[in-house]
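Inside the fold
Chain residues, written in single-letter form:
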Amino acid sequence: AQAIAKMLVVNRALKSADFSDNGIGDEGTAALSEALKSNNTLETLELYNNQIGVAGAQSLASMLQVNRALTSLNLRGNEIGAGGAQAIAAALPQS
């Protein structure tokens, strides 16, 4: 996930990425989230079944507060719980 995060910081062409079933976990999700704070081209991110918990969801929520390019995020099959879901929902634009 660290190498992918480094690529996302500089990549300005990728519109969709599917990292499903890779065991990224909370630490990897934090790295991806940090990278996506400065990425304004990725629109779709698939993170299905990656052992992401509440901490990972909170990292994604922090990223969503500044990233306006991402319009689709798939977190199915993760254990983000109610707290993670609430953090993400609160970070989404209200319009």
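First, a word on scope: everything that follows refers to the structure included in this document. Chains are numbered independently. Their residues run from 1 in the order of the written sequence. Side-chain atom pairs in this predicted model are given and counted only at pLDDT of 80 or more, local residue features only at pLDDT of at least 70, and totals for whole chains, interfaces and linings cover all residues. The side-chain figures draw on all heavy atoms in the structure; neither hydrogens nor water molecules are used.

Right, let's get into the side chain of N67. The helix count covers DSSP runs of H or I at least four residues long, the strand count covers runs of E at least two residues long, and both are numbered beginning at the N terminus. Locating N67 in the fold gives a position in the loop between α3 (54–64) and β3 (72–74). N67 sits in the buried class, given a relative accessible area of 4%. A distance of 2.9 Å separates the side chain of N67 from the backbone nitrogen of L70, its partner in a polar contact. Contact definition: two residues touch when any of their heavy atoms are within 4.5 Å. With sequence-adjacent residues up to four places away left out, N67 is seen in contact with L36 and N39. Think of it in three bands: residues with accessible area under 20% of the maximum for their type are buried, residues over 50% are exposed, and the middle band is partly exposed, with areas taken using a 1.4 Å probe on protein chains only. We call two N or O atoms a polar contact when they sit within 3.5 Å, provided that within protein one can donate a hydrogen and the other can accept it, with sequence-adjacent residues counted only if both atoms are side-chain atoms.

On to the packing of helix α2 (residues 25–36) against α3, then. Only the stretch in contact is used when fitting a helix axis, every axis being a line fitted to C-alpha atoms; angles between N-to-C directions are given from 0 to 180 degrees. Axis separation between α2 and α3 bottoms out at 8 Å; the angle between their running directions is 0°. Compared by their axis directions, α2 and α3 come out roughly parallel. Along its contact with α2, which presents D26, T29, A30, S33 and L36, the element α3 presents A55, G56, S59, L60 and M63. When its residues are assigned to classes, the contact of α2 with α3 shows five nonpolar, four polar and one charged. Roughly parallel covers angles under 35 degrees, roughly antiparallel covers those over 145, roughly perpendicular covers 65 to 115, and oblique covers all other angles. All residues other than Ala, Val, Leu, Ile, Met, Phe, Trp, Tyr, Cys, Pro, Asp, Glu, Lys and Arg, Gly among them, are scored as polar; the first ten of these are nonpolar and the last four charged.

What follows covers the sheet that holds β3. What makes two strands pair is DSSP finding at least two bridges between them. The three strands are arranged β1-β2-β3 in an open sheet whose pairing can be described as parallel. With partners counted over all chains shown, the strands left at the sheet margins are β1 (16–18) and β3, one partner each. Across the sheet, the mean angle from the axis of one strand to that of its neighbour is 0°, orientation sign disregarded.

Definition used for salt bridges: Asp or Glu carboxyl oxygen within 4 Å of a side-chain nitrogen of Lys or Arg. Enumeration according to the criterion identifies two salt bridges in this entry. Where K15 meets E43, a salt bridge forms, and the shortest distance between an N and an O atom there is 3.8 Å. Here the residue K15 occupies a position in the loop between α1 (2–10) and β1, and E43 occupies one in the loop between α2 and β2 (44–46), the gap between them amounting to 28 residues. Note that K37 is salt-bridged to E34, the shortest N-O span being 3.4 Å.

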